[in-house]
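Secondary and tertiary structure notes
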Amino acid sequence: WGFYAIHGVRVLPRVVLEPASWTAQEILGEPNAEVRRILIDRYHGLHDRSEALAAFLGDAGAVELHRHERGTLLRLELPGDEPVVGVLVENSTPEPDGSRKRYLLRVDPSTKTVPEGLARTFPLAWLTGDRYQPLQET
C-alpha cells in the first residue's frame, strides 16, 4: 500500500507518475484547489513553474486583457478559486539555440495593463499605466 503527496497534499498516483497526461480541461474540473494548483505547476511535465503556468493558460483559454510591447496580460477564471492573472513575457536574452523562453509573472487579479502588472512584480506598485518605463532590461 502507499499514497502519493506533493508539498503535503495527497494526490492521485497519476499526478506524480504521469504529470504530462493531464489536460487543461481535466485540471479545470478538479474540485480541490490545492490539487488543481499542483496540477497546474506540473502541467505538461514541465519543470519550470512559470513555463507550465504559461502553457496551461494558453491551453485553458485564458482571456487576453491587454497587449503591450513588453508582454500580454492574461486572465483565467478558476472555479471556486481566485482567478489566475499574469503577464506573459519573453526573455530578452536568447537561449544558445536562438529560442527565447516565455515566463508568466503572476500579478494581482485587479491588474488592468501590462505596465501596471510589470511594475507590481517589483516594489514599484505606485508606478501605474505608462509611468513604468525601465531604461534597461536584464
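A quick note: this is a predicted structure, and the numbers were derived from the prediction, not measured.

This brings us to the overall build of the protein. Across its full length, the protein carries five helices and six strands. Moving toward the C terminus, one meets the helices and strands of the protein in the order β-β-α-α-α-α-β-β-β-β-α. For the protein, the share of sequence-separated contacts (at least 6 apart) that also reach a separation of at least 24 residues comes to 37%. Carbon and sulfur atoms make up 53% of the accessible area of the protein, which totals about 8500 Å².

Once that is clear, we can look at helix α4 (residues 49-60). For α4, built from twelve residues, the straight-helix expectation of 16 Å at 1.5 Å per residue is met to within 8% by its first-to-last C-alpha distance of 16 Å. All buried positions along α4 are accounted for by S50, A52, L53, A54, A55, F56, L57 and A60. Among the structural elements, α2 (24-28), α3 (33-41), β4 (71-76), β5 (84-90) and β6 (102-106) are those in contact with the buried residues of α4. One or two positions beyond α4, positive phi appears at G61, with a value near 85 degrees.

Attention now goes to the packing of aromatic side chains. A ring pair, where both rings are aromatic, is described by two values, the distance of the centres and the angle of the planes. All chains considered together, the criterion is met by one aromatic pair. Ring geometry for Y43 and F56: centres 5.4 Å apart, planes at 80 degrees, overall edge-to-face. Remark: F56 occurs in helix α4 and Y43 occurs in the loop between α3 and α4; sequence separation between them is 13 residues. Looking at F56, the relative accessible area reads 0%, which means it is buried.

Read from one edge of the open sheet, four strands run β3-β4-β5-β6, paired in antiparallel fashion. Each edge of the open sheet carries a strand with a single partner, namely β3 (63-68) and β6. The mean angle between the axes of side-by-side strands here comes to 25 degrees, regardless of whether they run parallel or antiparallel. Pairing geometry for β4 and β5, over five bridges, is antiparallel. Within β5, the position partnered with T72 by the bridge is L88. Here α4 sits on the sheet in contact with β4, β5 and β6, set at roughly 85 degrees to β6.

Along the polypeptide, D81 turns up in the loop between β4 and β5. C-alpha of D81 to C-alpha of N32: the two residues are 49 residues apart in sequence and 9.5 Å apart in space. Sequence-distant contacts of D81, that is, excluding residues within four places in its chain, are made with A33, R36 and R37. At 3.0 Å, the side chain of D81 forms a polar contact with the side chain of R37.

The tally for this structure, following the rule as stated, stands at six salt bridges. Close ionic contact of D81 with R36 constitutes a salt bridge, the shortest N to O distance being 3.7 Å. Of the two residues, D81 sits in the loop between β4 and β5 while R36 sits in helix α3, which places them 45 residues apart along the sequence. The buried category is assigned to R36, whose relative accessible area is 2%. Here R75 and E77 are joined by a salt bridge, their closest N and O atoms 2.6 Å apart. Looking at R75, the relative accessible area reads 24%, which means it is partly exposed.

Quick notes on the rules
- Residues numbered from 1 in each chain as written.
- Predicted model: local features only at pLDDT ≥ 70, side-chain atom pairs only at ≥ 80, totals over all residues.
- Heavy atoms only, no water.
- Helix = DSSP H or I, 4+ residues; strand = E, 2+ residues; numbered from the N terminus.
- Contact = heavy atoms within 4.5 Å.
- Areas by Shrake-Rupley, 256 points an atom, 1.4 Å probe, with all protein chains shown as cover.
- Expected span 1.5 Å × (residues − 1).
- Buried < 20%, exposed > 50% of the residue type's maximum accessible area, 1.4 Å probe, protein only.
- Phe/Tyr/Trp six-rings, centres within 6.5 Å; stacked < 30°, edge-to-face > 60°.
- Pairing = 2+ DSSP bridges.
- Axes fitted to C-alpha atoms, helices over the stretch in contact; angles between N-to-C directions.
- Polar contact = N/O pair within 3.5 Å; in protein donor to acceptor, adjacent residues only side chain to side chain.
- Salt bridge = Lys/Arg side-chain N within 4 Å of Asp/Glu carboxyl O.

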